[in-house]
Protein chains: 2
Amino acid sequence: MVRGMTQMKDYPTSARGPAGHEVRDQIVLAATEHFSRYGYEKTAVSDLAKAIGYSKAYIYKFFESKQAIGEMICANCLHEIEKEVSQAVNGADTPPEKLRRLFKSGVEASLRLFFQDRKLYEIAASAATERWQSVVTYENRMQSLLREILQEGRLSGDFERKTPLDETTLSVYLVLRPYLNPLLLQYSFDYTEAAPGHLSSLVLRSLSP
Amino acid sequence: MVRGMTQMKDYPTSARGPAGHEVRDQIVLAATEHFSRYGYEKTAVSDLAKAIGYSKAYIYKFFESKQAIGEMICANCLHEIEKEVSQAVNGADTPPEKLRRLFKSGVEASLRLFFQDRKLYEIAASAATERWQSVVTYENRMQSLLREILQEGRLSGDFERKTPLDETTLSVYLVLRPYLNPLLLQYSFDYTEAAPGHLSSLVLRSLSP
DNA sequence: CTTGTGACCATTATGTATTTTAGTCACAAA
DNA sequence: TTTGTGACTAAAATACATAATGGTCACAAG
């Protein structure tokens, strides 16, 4: 379960104390385990402490709050999605196909988080509600990925060049947002089947030169 | 306050007892007043009864549940939005301009509900969460309005005709949904400024023949 | 210096006794 | 028949005392 949580030094999250310390990884590992099994709320910091055999106080040498630990776990989750989407996009040759894959794999990966790691999804959802840094970063990265595809399509002549790149990026992102944002996803279930196909078609028609 | 709640016989909502009865209107009136002032949850059915000078039991001769009353009030709210949007759309001549106005006035009207009748907005939001009939009907009506514009644009030659009308309708609706659906709106505040303009432009580019 | 902790406090969560509330029904007056 | 209600119950909301939790800090050991 919990998928391949391999490298931990991911997004820059609010932390403190010695960086790259072994105990920090132990905390993240234990937190991933506990949060995904019992949920963020039901896990006490002292539970994590017990799990790694240290006192609760020691945990606060590495993270300045429980939320900071949650941010770390959340960032890892979202980074997994991001990696998956990046990979899907890179597997395509033309910008239009890249865009289609961004839509499709983005929705798929988000849905998988919801159905297979519900507790972690809940962290992501509340992180989105409270605008945690991890979610802001995730959204920015997805927009960057999108912008790169659009830019590449403009250079290759696949996409129109009149509309300002930033406006197009934002617009297309807004079309995607209900399915990528963890908080919104749960209100869009009725459409997750049809949306990726239809919306990427709509957007591609809009982008044609 | 509460805006011009004029005619009450709006959407077909689950009701019972003699139709067109004077007391039914009194109930709706009192409910509108109480719900918008104190909120749906904080208003007891017996409060409404007291307000109109009847017993609580009598109210249940006209509505089969408190939720049914809420549905009525919610439907009225949404109908107000719908009327406003219809009016804005009818004030335009060409289908593209109608579409722009649908976007713009839809967002404006929804935002006004949020900021000026917060308690009523909350009813609409929870109605959306629990998929009350009033919201389903509202969404269907908005889609119908959209479909008519698209169809008109196809006939006038303003819009492309290759994509199936129903697919286009759904796609464009999905683009709008985050700003029209009361539940989603509150998570899209950051974009309500830019979204109507940018998204209608994106959609119009997509619709061009 | 780094590693590590128990004791401590303010805030939040939780269980529970108590009260409100939604909804029904038998029945009465007109 | 139509209009109208008090009395009732099961479920939900509330209030409150109690326990658990997040977070800090002074201090100790190596």
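Along each chain, residues carry numbers from 1 onward, in the same order as the chain's sequence is written. The order in which chains are written sets their letters, starting at A; the order in which ligands are written sets their numbers, starting at 1. Given that this is a predicted model, residues contribute local features only at a pLDDT of at least 70 and side-chain atom pairs are listed and counted only at 80 or more, while totals for whole chains, interfaces and linings are drawn from all residues. Side-chain calculation: all heavy atoms of the structure are included, whereas hydrogens and water are not.

A.B. asks: Help me understand the protein's contact with DNA strand D, please; the structure alone is not making it clear to me.
C.D. replies: Residues in contact with DNA strand D amount to 16 residues; listed here are only the nearest, Val45, Lys56 and Lys66 of chain A together with Ala57 and Tyr58 of chain B. The nearness test applies per residue and asks whether one of its heavy atoms lies within 4 Å of the molecule or strand. Atoms of DNA strand D within 4 Å of the protein: sugar and phosphate make up 51%, bases the balance. For the purposes of these results, a polar contact is taken to be a pair of N or O atoms within 3.5 Å, where, inside protein, one atom must be able to donate a hydrogen and its partner to accept one; residues adjacent in sequence count only when each atom of the pair is a side-chain atom. Between DNA strand D and the protein, one listed contact pairs a phosphate oxygen with a backbone N or O atom of threonine 43 of chain A at 3.4 Å. Within the side chain of tyrosine 58 of chain B, an N or O atom sits 2.4 Å from a phosphate oxygen of DNA strand D. Residue classes follow a fixed rule: Ala, Val, Leu, Ile, Met, Phe, Trp, Tyr, Cys and Pro count as nonpolar, while Asp, Glu, Lys and Arg count as charged, and any other residue, Gly among them, counts as polar. Within the surface near DNA strand D, the residues separate by chemical class into seven nonpolar, four polar and five charged.

A.B. asks: In this structure, what is going on with the pattern of salt bridges? I would like to understand it.
C.D. replies: Between side chains of opposite charge, pairing is possible as soon as their charged atoms come close. Any carboxyl oxygen of Asp or Glu that lies within 4 Å of a side-chain nitrogen of Lys or Arg is treated as forming a salt bridge with it. Evaluation of the coordinates by the stated rule reveals 22 salt bridges over all chains. Taking the shortest distance from any N to any O, the salt bridge between aspartate 166 of chain A and arginine 147 of chain A comes out at 3.3 Å. Taken together, the residues span a long stretch of sequence, with aspartate 166 of chain A in helix 8 (residues 165–180) and arginine 147 of chain A in helix 7 (residues 133–156) at a distance of 19 residues. Here arginine 205 of chain B and glutamate 160 of chain A are joined by a salt bridge, their closest N and O atoms 3.6 Å apart. Here arginine 205 of chain B is found in helix 10 (residues 195–207), whereas its partner glutamate 160 of chain A is found in the loop between helix 7 and helix 8 on a different chain. Exposure categories follow from relative accessible area, calculated using a 1.4 Å probe and restricted to protein chains: below 20% of the type maximum is buried, above 50% is exposed, and the middle band is partly exposed. The class of arginine 205 of chain B is partly exposed, set by a relative accessible area of 22%. Since its relative accessible area comes to 5%, glutamate 160 of chain A is described here as buried. Counted as one network, the salt bridges with shared partners bring together Glu160 and Glu167 of chain A together with Arg205 of chain B. The numbering of helices and of strands both runs from the N terminus, where a helix is a DSSP run of H or I of at least 4 residues and a strand a run of E of at least 2.

A.B. asks: Would you explain the protein's contact with DNA strand C in this entry?
C.D. replies: Residues in close proximity to DNA strand C total 17 residues, the closest being Ser55 and Tyr58 of chain A together with Val45, Lys56 and Lys66 of chain B. A breakdown of the atoms of DNA strand C within 4 Å of the protein gives sugar and phosphate a share of 51%. Lysine 42 of chain A is positioned such that a nitrogen or oxygen atom in its side chain is 3.1 Å from a phosphate oxygen of DNA strand C. Between DNA strand C and tyrosine 58 of chain A there is a distance of 2.4 Å, counted from a phosphate oxygen to a side-chain nitrogen or oxygen. Of all the elements in the fold, those that place two or more residues in the surface near DNA strand C are helix 3 (56–59) of chain A together with helix 3 (56–59) of chain B.

A.B. asks: Would you mind showing me how to read helix 2 (residues 45–52) of chain B here?
C.D. replies: The periodicity of an α-helix, 3.6 residues per turn, causes residues three or four places apart in sequence to face the same way. Residue and element names in this part refer to chain B. Turning to helix 2, its buried residues number three or more, namely Val45, Leu48, Ala49 and Ile52. Each buried residue of helix 2 lies within a common arc of 100° when the element is viewed along its axis, so the set occupies one face. Contacts: residue pairs with any heavy atoms within 4.5 Å of one another. Against helix 1 (22–38), helix 3 and helix 4 (66–90) lie the buried residues of helix 2. Among the residues trailing helix 2, glycine 53 stands out with phi positive, at a value near 75°. Of all possible arcs, the one meant is that of the directions from the helix axis to the C-beta atoms.

A.B. asks: For this particular structure, what's the right way to read helix 6 (residues 118–129) of chain A?
C.D. replies: Residues and elements named next belong to chain A. Helix length check: helix 6, at twelve residues, gives a terminal C-alpha distance of 16 Å against a target of 16 Å (1.5 Å per residue), a fit within 8%. All of the buried residues along helix 6 are Leu120, Tyr121, Ile123, Ala124, Ala125, Ala127 and Ala128. In this structure, the buried residues of helix 6 make contact with helix 1 (22–38), helix 4 (66–90), helix 5 (95–116), helix 7 and helix 9 (182–185). Residue arginine 131 follows helix 6 closely and has a positive phi angle near 55°. A helix is expected to span 1.5 Å for every residue after the first.

A.B. asks: Would you mind going over unusual backbone geometry with me for this structure?
C.D. replies: Trans peptide bonds make up the majority, and among non-glycine residues the majority have a negative phi. Of note, the phi angle at arginine 131 of chain A is positive, near 55°, even though the residue is not glycine. Checked against the element boundaries, arginine 131 of chain A lands in the loop between helix 6 and helix 7.

A.B. asks: Is there a simple way to explain the relation of the copies chain A and chain B in this structure?
C.D. replies: The relation between the two chain copies is a rotation about an axis coupled with a shift along that axis. At an RMSD of 0.0 Å, chain A and chain B line up after a rotation of 180° and a shift of 0.0 Å along the axis. The relationship between the two copies is best expressed as a two-fold rotation axis. Closest approach to the rotation axis among the C-alpha atoms of chain A is made by serine 206 of chain A, whose C-alpha sits 1.8 Å away. The residues that chain A uses at the interface reappear at the interface of chain B in 100% of cases, marking a shared surface. Each copy is superposed on the other by least squares, with the fit set by C-alpha atoms of residues at a pLDDT of at least 70 in both.

A.B. asks: Any chance you could explain the interface of chain A and chain B here in plain terms?
C.D. replies: By a widely used convention, the size of an interface equals the accessible area lost when the partners come together. Taken together, the contact between chain A and chain B spans 26 residues of the former and 26 residues of the latter. Summed over both partners, the accessible surface that disappears when two parts come together, traced with a 1.4 Å probe, is what is meant by buried area. Both faces combined, the contact of chain A with chain B buries some 2,600 Å², and carbon together with sulfur accounts for 60% of it. Its salt-bridge partner being aspartate 190 of chain B, residue arginine 131 of chain A comes within 2.4 Å of it at the nearest N-O pair. At the boundary of chain A and chain B, one finds eight residue pairs in polar contact (both at pLDDT 80 or more). Those elements that place two or more of their residues in the side of chain A that touches chain B are helix 8, helix 9 and helix 10 (195–207) of chain A. It is helix 8 of chain A that provides the largest number of residues to the side of chain A that touches chain B, a total of ten residues. Residue composition of the side of chain A that touches chain B, grouped by class: 15 nonpolar, five polar and six charged.

A.B. asks: Looking at this structure, how should I read the side chain of glutamate 71 of chain A?
C.D. replies: Residue and element names in this part refer to chain A. Tracing the backbone shows glutamate 71 in helix 4. The charge count treats Lys and Arg as positive and Asp and Glu as negative. His and the chain ends do not count. Although glutamate 71 is buried, it makes no salt bridge; arginine 141 carries the closest opposite charge, 12 Å away. At a separation of 3.3 Å, a polar atom in the side chain of glutamate 71 contacts the main-chain amide nitrogen of glutamine 133.

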